[in-house]
Amino acid sequence: MPMDPLPDLATMSLTDVAKALAEKRLPPVDQWHPTHCGDSEMRIARDGTWFHQGSPIGREAMVRLFSTILRREADGSYVLVTPGEKLDIVVEDAPFMAVEVKSEGAGKARKLAFRLNTGDFIMAGPDNLLRFEDKSDGPHPYLHVRGGMEALVSRSVFYELVELALEEGGDPIGLWSDGKYFAMSNA
């Protein structure tokens, strides 16, 4: 059975995004505790590309399916888990990429909705924090997704966020979303 095409965030209102979030049903991976079975021979690259045995997984629907059974373990590692098996997966940076953002409102009334490379929607706010980490190659923004897993915000989306923050002129520079202020620097 084919999966529905990815929605276009630009054409959706934040009410539509909230409805999609409410309808999203994920498998209860936090309740599954099978015996560890080995290595999945899968890797999620820094750019969000999923690989199996060194080759990119070209079927978007497969990536979306695998992303629903991804879990972060207490030791920080990642596994693909079903009721019957648990397999290691290598994640180079973050398991998801935030590839699109939609902003509605301004100041404390602003809401930021993100679409991930898996088609999932995340609303930044108290339950899904947006953080900015300084690394040797510049700032890396991350958005909490679920279960200790984050999405790396793509560079183009980061630039959109910076533009919005500069227009808003907060001190320190940052953005509000869903009643929470996210400063864009650690200073």
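Residues numbered from 1 in each chain as written. Predicted model: local features only at pLDDT ≥ 70, side-chain atom pairs only at ≥ 80, totals over all residues. Heavy atoms only, no water.

Caption draft 1: Expanded view of the overall build of the chain. Looking only at helices and strands, the chain has 3 helices and 14 strands in total. A burial count over the chain gives 43% of its 187 residues as buried. As displayed, the chain has an accessible area near 10,000 Å², and 53% of this comes from carbon and sulfur atoms. (Helix = DSSP H or I, 4+ residues; strand = E, 2+ residues; numbered from the N terminus. Buried < 20%, exposed > 50% of the residue type's maximum accessible area, 1.4 Å probe, protein only. Areas by Shrake-Rupley, 256 points an atom, 1.4 Å probe, with all protein chains shown as cover.)

Caption draft 2: Representation of the sheet that holds strand β4 (residues 70-72) within the structure. Ordered in space as β3-β2-β1-β6-β5-β4, the 6 strands form an open sheet in which the pairing is mixed. Taken across any chain shown, the strands that pair with only one partner, and hence form the sheet edges, are β3 (55-56) and β4. Both β4 and strand β5 (residues 78-81) contribute to a ladder of 3 bridges, which runs antiparallel. Counterpart to Arg71 in the pairing with β5 is Val79. Contacts from helix α2 (residues 60-67) reach β1 (36-44), β2 (50-52), β4 and β5, with the element oriented near 95° to β2. (Pairing = 2+ DSSP bridges. Contact = heavy atoms within 4.5 Å. Axes fitted to C-alpha atoms, helices over the stretch in contact; angles between N-to-C directions.)

Caption draft 3: Geometry of unusual backbone geometry. Omega for the peptide link from Asp171 to Pro172 comes to 5°, which places this bond in the cis form. Relative to the helices and strands, Pro172 is located in the loop between α3 (155-168) and β13 (174-177). Phi is positive for Glu41, close to 60°, though the residue is something other than glycine. Examined against the element boundaries, Glu41 turns out to sit in strand β1. Positioned with a positive phi, Gln53 is a non-glycine residue whose angle comes to about 50°.

Caption draft 4: Highlighting the nonpolar core. Ranked by internal contacts, the top residues of the largest apolar core, which has 37 residues, are Trp50, Leu70, Ile89, Leu112, Phe114, Leu130 and Leu161. It is α3 that contributes the most residues to this core, 5 residues altogether. (Core = buried A, V, L, I, M, F, W, Y, C linked by side-chain atoms within 4.5 Å.)

Caption draft 5: Region of the structure containing the environment of Asp47. By the secondary structure assignment, Asp47 is in the loop between β1 and β2. Asp47 gets classed as exposed once you look at its relative accessible area, which sits at 51%. For the pair Asp47 and Phe96, spaced 49 residues apart in the sequence, the C-alpha separation amounts to 8.8 Å. Polar side-chain contacts of Asp47 include one of 2.8 Å to the side chain of Thr49. (Polar contact = N/O pair within 3.5 Å; in protein donor to acceptor, adjacent residues only side chain to side chain.)

Caption draft 6: Quick peek at the pairing of β13. Where β13 meets strand β14 (residues 180-183), 4 bridges bridge the pair, whose relative direction is antiparallel. The residue bridging Leu175 from the neighbouring strand is Phe182, located in β14. Between β13 and β14, which pair antiparallel one after the other, the connecting turn spans 2 residues, and Asp178 there sits at a positive phi close to 55°.

Caption draft 7: Quick peek at α2. Taken together, the buried positions of α2 are Val63, Arg64 and Ser67. Around the axis of α2, the buried residues are gathered within 100° of arc, so they sit on the same side. Contacts made by the buried residues of α2 are with β2, β4, β7 (96-104) and β11 (138-146). (Arc of directions from axis to C-beta.)

Caption draft 8: Representation of the side chain of His140. With respect to the element layout, His140 can be found in strand β11. With relative accessibility at 9%, the residue His140 sits in the buried group. Among the polar contacts listed, one links the side chain of His140 to the side chain of Asp137, at a separation of 2.7 Å.

Caption draft 9: Expanded view of the pattern of salt bridges. Tallying each qualifying case throughout the model produces 10 salt bridges. The partner of Asp178 in a salt bridge is Lys111, and the shortest N-O contact between them spans 3.7 Å. Residue Asp178 is located in the loop between β13 and β14, and its partner Lys111 is located in strand β8 (residues 111-116); the two are separated by 67 residues in the primary sequence. Given a relative accessible area of 34%, Asp178 falls into the partly exposed group. Here Lys111 falls in the partly exposed class, since its relative accessible area comes to 35%. Glu133 serves as the salt-bridge partner of Arg131, at 2.7 Å between the closest nitrogen and oxygen. On the basis of relative accessibility, which here comes to 34%, the residue Arg131 falls in the partly exposed class. Within the structure, one salt-bridge network assembled from shared partners comprises Asp93, Arg131, Glu133, Lys135 and Glu150. (Salt bridge = Lys/Arg side-chain N within 4 Å of Asp/Glu carboxyl O.)

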